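# Inside the fold
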Amino acid sequence: MSNLSTRLLRIPEIQGKKEKGEQIVMLTAYSSWMARLLDETGAIDMLLVGDSLGMVELGFDTTIPVTLEDMIRHTRAVRNGAPRAFVVADLPFMSYQPSKAEALRSAGRLMQEGGASAVKLEGGAALRKTVRRLVDAGIPVMGHLGLLPQSLHQQGGYRQQAKEPEEQEELLRDAAALEQAGAFSIVLECIPADLAVRVSRQCRIPVIGIGAGAACDGQVLVTNDILGLTGGRTPSFARRYADLGESIRAAVQSFSGDVRAGKFPPSGEEGNA
Ligand code: KIV
């Protein structure tokens, strides 16, 4: 019997959650097996194939080396593992910035080849026309404001953004521009909680926080961080709910110990060949 989630959440239901004051839950997934496990819980509203893929799965220091081909491949894997889930895929660095036409081609490939339900891109008012172009073509767009990992060098590192009053006003304008351009939701990363409250109140569309306090319409985290599967730096706002890294190390030690001690395979057992 299939354990696939029977939930078929779509944009009207996601929007409805904001209107009813119900928290929206999003986690990242990069592989079919993880997408299947997350979907089977029935506890996740949206899966995000984030370009954090570059750091948590591919071993890069930043998201900048992640290519459109990487994103299509991993989005397809997630879609294969969770055929009914609402899957948002990140448009990676330089797959949408050069022109509206390029953004349309990249987003189209994420949907057609990757099976994404929606795409996410980083930036505000400067991308208003790009967002409008995608939305007019029938592509749902999630915005991303605050800490923008693709602009890491410009923003001066992984640190809280929009602390100054004028930066806060600019972020509020960016959120309004995204909403007016037709974005269905916005991620706010690593900004002061009181600013996130203002953005969530100002926007009719759901605002999903990560390191942005508790008052957003929902929360997203990197799954590897909550499971203890991240090797290096874990953001201070992430909470660890399991230590699967330790479980994996212990299982591998047991297997290796059994092989070296002649306990695996059990003696007398014939091979299958
Ligand atoms: O790439 C990603 O995982 C993200 C989340 C941190 C929101 O954009």
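Every value quoted in this text rests on a predicted model; they were computed, and no experiment measured them. (Residues numbered from 1 in each chain as written. Predicted model: local features only at pLDDT ≥ 70, side-chain atom pairs only at ≥ 80, totals over all residues. Heavy atoms only, no water.)

## So, the overall build of the chain
When helices and strands are tallied, the chain shows eleven helices and eight strands. Rg of the C-alpha trace for the chain: 20 Å, near the compact-globule value of 19 Å for 273 residues, within the 12% margin. Its C-alpha atoms give the chain principal-axis dimensions of about 70 × 40 × 35 Å. Every one of the 273 residues in the chain was classed for burial, and the buried ones make up 48%. The contacts of the chain with a sequence gap of at least 6 include a subset with a gap of at least 24, amounting to 59%. Element-wise, carbon and sulfur atoms account for 52% of the exposed surface of the chain, whose accessible area totals about 13600 Å². (Helix = DSSP H or I, 4+ residues; strand = E, 2+ residues; numbered from the N terminus. Rg over C-alpha atoms; globule rule 2.2 N^0.38 Å. Buried < 20%, exposed > 50% of the residue type's maximum accessible area, 1.4 Å probe, protein only. Contact = heavy atoms within 4.5 Å. Areas by Shrake-Rupley, 256 points an atom, 1.4 Å probe, with all protein chains shown as cover.)

## Considering unusual backbone geometry
Backbone phi values are negative for most residues with the exception of glycine, while trans is the configuration of most peptide bonds. Cis rather than trans, the peptide bond between Phe264 and Pro265 has omega equal to -5°. Structurally, Pro265 can be placed in the segment after α11 (244-260). Positive phi is not limited to glycine here, since Met94 has a value of about 70°. Inspection of the secondary structure puts Met94 in the loop between β3 (87-90) and α5 (100-112). Phi is positive for Ala162, close to 55°, though the residue is something other than glycine. Position of Ala162 relative to the elements: it lies in the loop between α7 (152-155) and α8 (165-181).

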